[in-house]
Amino acid sequence: MLQGTQEPQVSGAGTGAHASEPIYAALDLGTNNCRLLIAAPQVAGDTEKGFSPTSIRVYDSFSRIVRLGEGVSDNGRLSEQAMERTLAALKACQKKIGKYRLADARYVATEACRRAANGREFLERVQGETGIGIDIITSEEEARLAFLGCSSLLTEHSKRAIVFDIGGGSTELMWIDVAESQNPAHSGNPLRIGGHLITDWLSIPCGVMNLADRFGGAGFADTAFDDMVQFLIGKFTPFDRANHISETINENAAVQLLSTSGTVTTLAAVHLDLPRYDRSRIDGISVHISDIRATIRRLLAMRPYERFNHPCIGPDRADFIISGCAIFEAISSLWPAGKITIADRGVREGIILSLMQRS
């Protein structure tokens, strides 16, 4: 397991464990990370914190930082080195997938393959070498799947919610209307998910990797931090004004902030001073935004080698944790909702749940 990451605990292993139940697989090939999840429907009465009864029980999983999007901002193409790293990870995924008799599966790619001129060509190479057929999804579909994966963490008292996903190559924002989602007029709306309605969404091509590239590279992220924050606030402000989000928060409405991203889970782990990243301590927790912003100040005060050696950051996240912090700082400055709910789940879980729903 790579330092600074921890995958969900596995319940059962191999094709012999609960072989009669349907098993599903989901793969999320992002700009920075390659993630696989193999799971079955959650056994009734065996729910985890925050999961609904129609949730999942993990059989196997995989996560590796591959930095597929490295250099795409500069030359518009996936580099050979990045493709080789990613192929190695996908071959490891293929070995895991081959151990199971799957009821259904879906494998998707996001921003790096959307933007790169050779993205589709690379995925054809992937299918030829691994047998894994990966589809490039739109940013809208990426947002929908990320929300589906974490929507069960919306609390009962919330009237509205801001849900965001900080990725390697893009950031997705969703404005959720909980109260109006019960309106029968919205039945059948593809943006109605789990009883909640996505009334608007925004995707900007600024994730932890290409945001750092835009401001001179990861080595300059510390000095460019304030500039990155102001740049992002400018990107988010039209979305804020169009949906009157700040006004809603200022009116003391019950607005919940919910995030699914490696940046925010890492910040929560650092805030808690965990000796190493522990998903069971992070997934579903609610933390004061002021505490996360104080943690960002701690990281900015660290030297690069201190972040590199931190047990909850490590060499894989150290280069881009500051640009991720800038994205969080911009969101939390614009929308100071008090607390944030943190999800260590997202697109993969959303895919699994959508496969279960259509079975």
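Remember, it's a predicted structure, so these values are computed and weren't measured experimentally. (Residues numbered from 1 in each chain as written. Predicted model: local features only at pLDDT ≥ 70, side-chain atom pairs only at ≥ 80, totals over all residues. Heavy atoms only, no water.)

K.L.:
How should I be thinking about the pattern of salt bridges in this particular structure?
P.N.:
Opposite charge on two side chains permits pairing when their charged atoms draw close. Scanning all chains against the criterion turns up 23 salt bridges. The salt bridge involving Arg106 is made with Glu141; its shortest N-O contact spans 2.9 Å. With Arg106 in strand β4 (residues 104–109) and Glu141 in helix α5 (residues 139–150), this residue pair connects regions lying 35 residues apart in the sequence. Given a relative accessible area of 22%, Arg106 falls into the partly exposed group. With a shortest N-O distance of 4.0 Å, Glu349 and Arg348 are connected by a salt bridge. Considered together, Glu349 and Arg348 belong to a single accessibility category, that of buried residues. Each of Glu80, Glu84, Lys91, Arg125 and Glu129 takes part in one network of salt bridges that share partners. (Salt bridge = Lys/Arg side-chain N within 4 Å of Asp/Glu carboxyl O. Helix = DSSP H or I, 4+ residues; strand = E, 2+ residues; numbered from the N terminus. Buried < 20%, exposed > 50% of the residue type's maximum accessible area, 1.4 Å probe, protein only.)

K.L.:
Just checking my understanding: could you explain the state of the cysteines for this structure?
P.N.:
Each disulfide consists of a covalent bond between the sulfur atoms of two cysteine residues. Using the criterion set out here, one finds zero disulfides in the structure. This cysteine, Cys93, is not joined by any disulfide, and Cys34 carries the nearest cysteine sulfur, 4.1 Å off. Exposure remark for Cys93: the relative accessible area of 0% places this residue in the buried category. (Disulfide = S-S within 2.5 Å.)

K.L.:
Would you mind going over the sheet that holds strand β3 (residues 56–65) with me for this structure?
P.N.:
The strands making up a sheet associate through backbone hydrogen bonding, with each pair oriented either parallel or antiparallel. Taken together, the five strands give an open sheet; going across it, the order is β3-β2-β1-β4-β5, and neighbouring strands pair in mixed fashion. If you trace the sheet from one side to the other, it starts and ends with β3 and β5 (135–136), each paired once. Where strand β1 (residues 24–29) meets β4, six bridges bridge the pair, whose relative direction is parallel. Bridge pairing links Ala26 to Arg106 in β4. (Pairing = 2+ DSSP bridges.)

K.L.:
What am I meant to see in α5 here?
P.N.:
The periodicity of an α-helix, 3.6 residues per turn, causes residues three or four places apart in sequence to face the same way. In this model, α5 (twelve residues) spans 17 Å end to end at C-alpha, consistent with the 16 Å of a helix rising 1.5 Å per residue. Counted residue by residue, α5 has nine buried out of twelve residues, so it is predominantly covered. Among the residues of α5, Glu141, Glu142, Ala143, Leu145, Ala146, Phe147, Leu148, Gly149 and Cys150 are the ones counted as buried. (Expected span 1.5 Å × (residues − 1).)

K.L.:
Explain the packing of aromatic side chains to me, please; I cannot follow it from the model alone.
P.N.:
Aromatic ring pairs are reported here in terms of the distance separating the ring centres and the angle at which the planes meet. Here the structure, examined in full by the defined rule, presents five aromatic pairs. Relative to Trp335, the ring of Phe239 has its centre 6.5 Å away and its plane inclined at 75 degrees; by these criteria the two rings are edge-to-face. Remark: Trp335 occurs in the loop between α14 (321–334) and β12 (339–343) and Phe239 occurs in helix α7 (residues 225–243); sequence separation between them is 96 residues. Accessibility assignment for this pair places Phe239 and Trp335 in one class, buried. Aromatic ring contacts, followed pair by pair, group Phe236, Phe239 and Trp335 into a single cluster. (Phe/Tyr/Trp six-rings, centres within 6.5 Å; stacked < 30°, edge-to-face > 60°.)

K.L.:
Help me understand the side chain of Asn118 in this model?
P.N.:
Among the secondary structure elements, Asn118 is positioned in the loop between α3 (111–115) and α4 (119–130). For Asn118, a relative accessible area of 3% puts it in the buried group. Only 2.8 Å separates the side chain of Asn118 from the backbone nitrogen of Leu78, close enough to count as a polar contact. Leave out the neighbours within four places in its chain, and Asn118 touches Arg77, Leu78 and Met83. (Polar contact = N/O pair within 3.5 Å; in protein donor to acceptor, adjacent residues only side chain to side chain. Contact = heavy atoms within 4.5 Å.)

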